[in-house]
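These are the residues of each chain, in order.
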Amino acid sequence: MLLELENVEAAYGQSRVLFGLSMNVGASEGVAVMGRNGMGKTTAMLAITGLNPPRSGSIRFAGERIDGLAPHRIARLGVALAPEGRRIFRNLTVRENLVMAAADRRGERDPWTLDRVLAFFPRLAERTSHGGGQLSGGEQQMLAIGRALMTNPRLLILDEATEGLAPIIRQDIWGRLRALREAGLAMIVIDKEVDSVEGLINRHFIVEKGVVVWSGDAQTLRENPNVRDRYLVL
Ligand SMILES: Nc1ncnc2c1ncn2[C@@H]1O[C@H](COP(=O)(O)OP(=O)(O)O)[C@@H](O)[C@H]1O
Ligand SMILES: [Mg+2]
């Protein structure tokens, strides 16, 4: 497995949120993390990326323990997060937002460069000098994904990437993510509509109150509407 979480517990101060969450992602896999609001999905992603490190349990990436490492070290190993709410720098230009995320990957085969990201998201190429705050929601999301790609990830985590976007922009972004998956990039996707995206997700984990309550492949989830009714319908 590329990523393995075992019995991860996490909290904000005194408030415990994850109670022994275990999940994994294989190389080149597309994994969906699903569950109602407030169940701990984002908290799990913050634990993986070191932004809110786990209180106990273990997280391994490419065989190496990463729980306890600083966020920049986890990023350097190849874990990238396009965070919930996008969090781009509104006062920096598109180009600046991208360049500041660039990793030093000399010697890496086919690294992501500014030009490659701009070719991948042509809408951004037309707006390289615009401030992040001047972009539409969809463009901001493309920028958040582009910034994540600039670190040359082996695992890309997308937390509510299409939240609040118009359906046509959403489709556009799904199309780009599918291209990344087809190129073999492993992905964790948190999104309410992820099942509608053909060819993106092969396995699902459902989180409830800080633990995984169901996991299975995409076909099994499709064939078991009761799972959806039980854990996902509000
Ligand atoms: N920064 C924070 N401080 C305190 N509690 C938080 C913070 N962020 C999230 N929580 C709480 O942790 C729980 C899980 O939140 P979260 O991981 O964001 O859920 P999800 O992403 O599944 O919607 C919720 O009860 C939420 O209110
Ligand atoms: Mg969330």
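Structure: see above.
Residues numbered from 1 in each chain as written. Chains lettered and ligands numbered in written order. Predicted model: local features only at pLDDT ≥ 70, side-chain atom pairs only at ≥ 80, totals over all residues. Heavy atoms only, no water.

Draft legend 1. Examining the overall build of the protein chain more closely. Helix and strand counts for the protein chain come out as nine helices and ten strands. Taking 234 residues into account, the globule formula puts the C-alpha radius of gyration at 17 Å, and the protein chain, at 17 Å, falls close to it. Among the 234 residues that make up the protein chain, the fraction classed as buried is 52%. Total accessible area on the protein chain stands at roughly 11,200 Å², and carbon and sulfur atoms take up 48% of it. When the 30 basic and 27 acidic side-chain charges of the protein chain are each reduced to a single mean position, those positions are 4 Å apart. (Helix = DSSP H or I, 4+ residues; strand = E, 2+ residues; numbered from the N terminus. Rg over C-alpha atoms; globule rule 2.2 N^0.38 Å. Buried < 20%, exposed > 50% of the residue type's maximum accessible area, 1.4 Å probe, protein only. Areas by Shrake-Rupley, 256 points an atom, 1.4 Å probe, with all protein chains shown as cover. Lys, Arg positive; Asp, Glu negative; His and termini not counted. Charge placed at Lys NZ, Arg CZ, Asp CG, Glu CD.)

Draft legend 2. A look at the pattern of salt bridges. One pass over the structure, following the stated rule, counts nine salt bridges. Close ionic contact of arginine 16 with glutamate 9 constitutes a salt bridge, the shortest N to O distance being 3.1 Å. Note that arginine 65 is salt-bridged to aspartate 67, the shortest N-O span being 2.8 Å. A residue is classified by how much of its surface remains accessible, and aspartate 67, at 19% relative accessible area, is buried. Three or more residues are tied together by salt bridges with common partners; here these are Arg123, Glu126, Arg127 and Glu139. (Salt bridge = Lys/Arg side-chain N within 4 Å of Asp/Glu carboxyl O.)

Draft legend 3. Inspection of the site of ligand 1 at higher detail. All residues in the neighbourhood of ligand 1 are listed as Tyr12, Val17, Arg36, Asn37, Gly38, Met39, Gly40, Lys41, Thr42 and Thr43. One nitrogen or oxygen atom from the main chain of glycine 40 is found 3.0 Å from an oxygen atom belonging to ligand 1. Within the side chain of threonine 43, a nitrogen or oxygen atom sits 2.5 Å from an oxygen atom of ligand 1. Within the complex, the protein chains bury 58% of what would otherwise be the 560 Å² of accessible surface of ligand 1. Ranked by residues supplied to the shell around ligand 1, first place goes to helix H1 (residues 41-49) with three residues. Residue composition of the shell around ligand 1, by class: three nonpolar, five polar and two charged. (Near = heavy atom within 4 Å. Polar contact = N/O pair within 3.5 Å; in protein donor to acceptor, adjacent residues only side chain to side chain. Nonpolar A, V, L, I, M, F, W, Y, C, P; charged D, E, K, R; others polar.)

Draft legend 4. Structural detail: the environment of threonine 128. By secondary structure assignment, the location of threonine 128 is in the loop between helix H5 (122-125) and helix H6 (137-149). The exposure class of threonine 128 is buried, given its relative accessible area of 12%.

Draft legend 5. How the structure looks around the sheet that holds strand S4 (residues 56-61). In space, the four strands of this open sheet follow the order S2-S1-S4-S5, with antiparallel pairing throughout. In this open sheet, the two strands that pair with only one neighbour each are strand S2 (15-25) and strand S5 (64-65). In the sheet, strand S1 (residues 3-12) pairs with S2 via eight bridges, with the strands oriented antiparallel. Within S2, the residue paired with leucine 3 across the bridge is valine 25. Along the sheet, H1 contacts S1, S2 and S4; its crossing angle with S1, the most-contacted strand, is approximately 110°. (Pairing = 2+ DSSP bridges. Contact = heavy atoms within 4.5 Å. Axes fitted to C-alpha atoms, helices over the stretch in contact; angles between N-to-C directions.)

Draft legend 6. Fine view of the packing of H6 against helix H7 (residues 167-182). Relative to each other, H6 and H7 sit at 15°, their axes nearing to 10 Å. Considering their axes alone, H6 and H7 lie roughly parallel with respect to each other. The two elements H6 and H7 meet at a crossing, and its hand is right-handed. Contact residues: H6 offers Gly138, Gln141, Met142, Ile145 and Leu149, while H7 offers Ile169, Asp172, Ile173, Leu177 and Leu180. Counted by class, the contact of H6 with H7 contains seven nonpolar, two polar and one charged residues. (Parallel < 35°, antiparallel > 145°, perpendicular 65-115°, else oblique. Left-handed = near helix turned anticlockwise from the far one by under 90°.)

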